[in-house]
Amino acid sequence: MAGAYDGSYSDGRTAAMHEVVAQARGDGLHINSKTGDFEEHWRYGDVRAIDPPRSDIPFRLTSQTMPDARLSVNSAEFVADLRHQAPQLFLTGLAQPTLRRNIALIILALCALGLLLWQGMPHLSAPLAHLVPAQWAQNIGETYRSRIISGAPVCNDASGTAALAVMTRRLTNSLSPPLNVDVIVADKAQVNAFALPGGHIVIMRGLLEKAGSSDEVAAILAHEIGHVSHRHPLQMGIHVAGIGMMVDLFTGEGSSLMEMAGEVGGLLLLLNYSRDMEREADAYGRKLMGTAGLSTGAMARFFARLKPEGKKGGNGAENGGGYFSSHPPLEERIDAATKLETGQSVLNNADWMALKNICG
Amino acid sequence: MNDDAASPLELPPLTLQQRGRAGALAPIVLLNTFLNIITLSIYRFWGKTKVRQYLWRQTYFMDEPLEYSGSGGELFKGFLAAAFLVLLPMAVVSNLAETYLEIESTAFAAFSVLFYIVVYSLIGMAIYRARRYRLSRTAWRGIRGGMRGSSGQYAVRYLLLWALTLITLGWAYPWMRQTLFARLMGETTFGNRPFLVVAKLWPLYRIFSACWLGSFLMFAAGMIWLTVYSHNDNEFKVVWTADISFWLIAVLWFLPIPVALLWYRAHEINHFAKATTIMGVSFEMKAGFWNLSGLVSINFLIIICSLGFGIPFAQLRTFRYFCDHLTIQGNLTPEWIEQTRMEAPTIGEGLADAFDLGAV
Ligand SMILES: [Zn+2]
């Protein structure tokens, strides 16, 4: 026989409180007014606990048939009786359907966020990149450029600069519509070159030192011009900004940890073109070399030069610098580049020496 | 025994108490912090709900705990709605404007003004809606709260009064505060009963003008000291004067505003409490400069030192401060308070989350 426990009850129509006696019987919860003027019978299927039973507050219950009514009983024995009759009111952990639903919702939200970032952004960024005005791209490119050369001097030996201009003109002359590119050499030892928004291209001194001929440099330059022509740098910039925006949106701004992770990740991503982009730039570069009447095998020779060193480098990159890590496998690129082999040198020997010594 | 047919219990005293303890809140906060980190903070909606459930059920009105019935899912849906219907379009529009409009053009200036107008109205709207949501999820003896006004009307006043405050160098501030409070509190309902706010403006202006003039005089004194000092290029200009000047300027310029604001706010809280009634029941707050400064500065330290994760502790302290300094006078007849007939919002305070409007 279920015990009878003192409790208080309000019917949900007014805030008045009534003294009642509550009993957890076999057929449901019985609530009887102490003055005998009302009684309620809640079936267990309708009963809901307002909070799980706790020692510091009375146990509060309601019924789905009268969702504003409240029964409040401050007795551990009553809770034990009820637990016996209606164990489903006391589910904990993963047994609770609402908890399971919430976990599913959170996982779904994370997946949606991931999908939006990794699948949605690339599709959005390509068309958006073509909408960005040239002046804006220029400014962004300058900002990125100063961040990438990070204080290293820009090499400006006069005859070296002239030789670089000759090489650039030779490659871009044949283009219609003309393409605006601004090539500089930065005094850094890395074997590296970057294309940035607004047609900015940076070649590192290390690459000039590594190259065996002016044609090899021209081939790299043609490849970077390929990136510029396809607006890859802008696309990546938009991609990164978009990811930043989505992450901000979802995680709430002001969490500095997330922001820091975003900054670092953003810069890394920015310089990490997809393989498709690299293939596009390679193909474009070869075409450019061919149109300019230059040796399309130069690219292959440069890569072949990189290869033995890359074997030694242990960081998984194909070269010591790490920049080419995202490129298609070297073999494939060498193959593709050796297929066409004609042409003459882009710079005469004196100009080539001047370019090599552009950093003084 | 009462021979009234409804048999109400003997009424407990009219008190509002916060019985929560930091020690009991800590496990909730720790778990939330952990789950926020592993879910990229998407868990925050559910975490916030857990904290509110705790704070609410530890708040006792007339010896009866309140109840918070909101859910994390509702907050999450509110957030999604705000993010995709409001924030994302705004971000896109402002990015487009920055891209296509000259930064120094009148068109851009006009856009910026318009943008701020929209943002400020949205903030006003967010404050009102968040309050409506929270009240609709707050119940005492099953009777819910609510807001009976329109968030749009509040937003218009919010925008205009803030603009007026800026234009008048702060002199509209008490008027703005009182008007907005009268809107928020005067449109608050408990069950079918509205709160009433009837307040005079001049007591606030008495305090405010003292605060404003005091701050202004300190600022002016700093200016005068600086002018005299910088024209004084004789032997007075020795190291110790430089040191003293630095500290003097720091004290004169940066101390008055927070001090004045706290002093004003303490008066304002008491003034607003006195102006508020419901069913003939009146309120009295005993906030003072020192106890309010203690609350604000320790809360500030808690939030800073915990990198924001400790916000719930600050909220608990604020709740307790409010309950401890409040006295309620009059006779409340609970059976006269009927359940509200207003419809509760179905989704949570997305905009407020988006604008990072703290509250609870
Ligand atoms: Zn490339």
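Preceding this paragraph is the structure being described.
None of these values were measured; they are calculated from a predicted model.

A. Local environment of the overall build of chain B. Secondary structure assignment for chain B yields twelve helices and twelve strands. A burial count over chain B gives 44% of its 360 residues as buried. For chain B, the proportion of contacts with a sequence separation of at least 24, taken over those separated by at least 6, is 75%.

B. How the structure looks around the overall build of chain A. Of regular secondary structure, chain A possesses twelve helices and eleven strands. Taking all 360 residues of chain A together, 47% fall into the buried category. By sequence separation, contacts in chain A at least 24 residues apart represent 61% of the contacts at least 6 residues apart. Accessible surface for chain A amounts to roughly 17,000 Å². Of this, 57% is attributable to carbon and sulfur atoms.

C. A look at the pattern of salt bridges. Residue and element names in this part refer to chain B. Taken as a whole and assessed by the stated rule, the structure comprises 18 salt bridges over all chains. Here Arg177 ties to Glu268 by a salt bridge, and the two come within 2.7 Å at their closest N and O atoms. Note that Arg177 is positioned in helix H6 (residues 173–186) and Glu268 in helix H9 (residues 256–275), a separation of 91 residues in sequence. A relative accessible area of 24% means that Arg177 is categorised as partly exposed.

D. Region of interest: the nonpolar core. Formed by 69 residues in total, the largest nonpolar core has its most connected members in Phe61 and Phe283 of chain B. Sort the elements by how many residues they give to this core and helix H4 (residues 106–136) of chain B lands first, with eight residues. Here Phe61 of chain B is in contact with Leu14, Thr15, Leu16, Leu66, Trp140, Ile328 and Leu332 of chain B, once residues within four sequence places are set aside. Counting 43 residues, the second-largest nonpolar core is a separate cluster that includes Ala219, Met277, Val346 and Ile358 of chain A.

E. Fine view of helix H5 (residues 151–167) of chain B. Residues and elements named next belong to chain B. For H5, built from 17 residues, the straight-helix expectation of 24 Å at 1.5 Å per residue is met to within 8% by its first-to-last C-alpha distance of 24 Å. Buried within H5 are the following residues: Ser151, Tyr154, Ala155, Tyr158, Leu159, Leu161 and Thr165. The inward-facing, buried residues of H5 abut H4 and H6. Once H5 ends, the next one or two residues include Leu169, with phi positive near 50°.

F. Spotlight on the coordination of the zinc ion. Residues and elements named next belong to chain A. Around the zinc ion, the donor atoms from the protein are His223 (NE2), His227 (NE2), Glu278 (OE) and Glu278 (OE), and they sit 2.1 to 2.8 Å away. Around the zinc ion sit four donor atoms, and with donor-metal-donor angles ranging over 51 to 140° the site reads as irregular. In primary-sequence terms, the residues that donate to the zinc ion follow H-x3-H-x50-E. Placement of the pair is His227 in helix H6 (residues 214–229) and Glu278 in helix H9 (residues 275–291), with a sequence separation of 51 residues. When sorted by exposure, His227 lands in the same class as Glu278, which is buried.

G. Quick look at the side chain of Ser293 of chain B. Mapped onto the elements of the fold, Ser293 of chain B is located in helix H10 (residues 289–305). Here Phe289 of chain B takes part through its backbone oxygen, which lies 2.6 Å from a polar atom of the side chain of Ser293 of chain B.

H. A look at the interface of chain B and chain A. On the side of chain A, 38 residues touch chain B, which itself brings 43 residues to the contact. Where chain B abuts chain A, roughly 3,700 Å² becomes buried across the two surfaces, and 64% of that area is made up of carbon and sulfur atoms. Inspection of the chain B/chain A interface yields two salt bridges. Here Asp68 of chain A ties to Arg144 of chain B by a salt bridge, and the two come within 2.7 Å at their closest N and O atoms. Linking chain B to chain A there are 13 residue pairs in polar contact (both at pLDDT 80 or more). Elements with a contribution of two residues or more to the side of chain B that touches chain A: helix H2 (44–57), strand E3 (64–65), helix H3 (72–100) and strand E6 (143–147) of chain B. If one sorts the elements of the side of chain B that touches chain A by residue count, H3 of chain B sits on top with twelve residues. Among the residues forming the side of chain B that touches chain A, the class breakdown is 25 nonpolar, nine polar and nine charged.

I. Representation of unusual backbone geometry. The backbone phi angle of Asp63 of chain B is positive, close to 65°, even though this residue is not glycine. One can find Asp63 of chain B in the loop between strand E2 (59–61) and E3.

Conventions adopted
Residues numbered from 1 in each chain as written. Chains lettered and ligands numbered in written order. Predicted model: local features only at pLDDT ≥ 70, side-chain atom pairs only at ≥ 80, totals over all residues. Heavy atoms only, no water. Helix = DSSP H or I, 4+ residues; strand = E, 2+ residues; numbered from the N terminus. Buried < 20%, exposed > 50% of the residue type's maximum accessible area, 1.4 Å probe, protein only. Contact = heavy atoms within 4.5 Å. Areas by Shrake-Rupley, 256 points an atom, 1.4 Å probe, with all protein chains shown as cover. Salt bridge = Lys/Arg side-chain N within 4 Å of Asp/Glu carboxyl O. Core = buried A, V, L, I, M, F, W, Y, C linked by side-chain atoms within 4.5 Å. Expected span 1.5 Å × (residues − 1). Donors = N, O, S within 2.8 Å, 3.2 Å for Na, K, Ca; no water. Tetrahedral: all angles 85-135°; square planar, octahedral: opposite > 155°, others 65-115°. Polar contact = N/O pair within 3.5 Å; in protein donor to acceptor, adjacent residues only side chain to side chain. Buried area = accessible area lost by both parts, 1.4 Å probe. Nonpolar A, V, L, I, M, F, W, Y, C, P; charged D, E, K, R; others polar.

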